[in-house]
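One letter stands for each residue in the lines below.
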Amino acid sequence: MAAADEAPFHAKASKKVVGAREGVFLIRNADRVANIANDVIGDIAGTVSGALGIALALQIMTLREDLNRFVLNMMITALIAAFTVGGKAYGKKIALSNSNGVIFFAGRIIAAFSSITGIGLVKK
């Protein structure tokens, strides 16, 4: 969020481009947005990936009872951790190299959510 530039969003907002006003909001509240994105979404992703890992291990154990359960659990845990860390690193690279595009994409999603639900997340 710190790498995003606010000026293009003001220009788009003056032309009433959908998602631009939300983008300004995201940039101005980068500390709170980062806290939600890093903590809340990270916790949800960790919980879901752990549950999916358990389900996967159980499915494999029912198909192949001869496998060592400890080794299988360790391998699945290692794969989940590798994909999580690798995905997070790749996501950071994308976010830093294309920060305005990422912010604008998120702003359009917020604007679409607001128009569908009628819940305004950004003050007018």
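For the structure, see preceding data.
Residues numbered from 1 in each chain as written. Predicted model: local features only at pLDDT ≥ 70, side-chain atom pairs only at ≥ 80, totals over all residues. Heavy atoms only, no water.

### With respect to the packing of aromatic side chains
Enumeration over the complete set of coordinates arrives at one aromatic pair. Relative to Phe-104, the ring of Phe-9 has its centre 6.3 Å away and its plane inclined at 55°; by these criteria the two rings are tilted. Placement of the pair is Phe-9 in helix α1 (residues 7–14) and Phe-104 in helix α5 (residues 99–117), with a sequence separation of 95 residues. The burial state of Phe-9 is the same as that of Phe-104; both residues are buried. Directly above the ring of Phe-9 sits Lys-12, whose terminal nitrogen or CZ lies 5.7 Å from the centroid. (Phe/Tyr/Trp six-rings, centres within 6.5 Å; stacked < 30°, edge-to-face > 60°. Helix = DSSP H or I, 4+ residues; strand = E, 2+ residues; numbered from the N terminus. Buried < 20%, exposed > 50% of the residue type's maximum accessible area, 1.4 Å probe, protein only. Lys NZ or Arg CZ within 6 Å of the ring centre and 35° of its normal.)

### A few points about the layout of surface pockets
Approximately 240 Å³ is the volume attributed to the second largest pocket. Around the second largest pocket sit 14 residues that line it, and Val-18, Gly-19, Arg-21, Glu-22 and Ala-111 are the ones nearest its centre. Looking at the lining of the second largest pocket, the elements that each hand over two or more residues are α2 (20–28) and α5. Examining the composition of the lining of the second largest pocket, we find that three residues originate from one element, α5, more than from any other. Its residues assigned to classes, the lining of the second largest pocket shows six nonpolar, four polar and four charged. (1 Å grid on protein atoms, 1.4 Å probe; cavity = no way out; pocket = protein on both sides within 12 Å on 5 of 7 lines; lining within 4 Å. Points joined across faces, edges and corners; volume = space filled by probe spheres on them. Nonpolar A, V, L, I, M, F, W, Y, C, P; charged D, E, K, R; others polar.)

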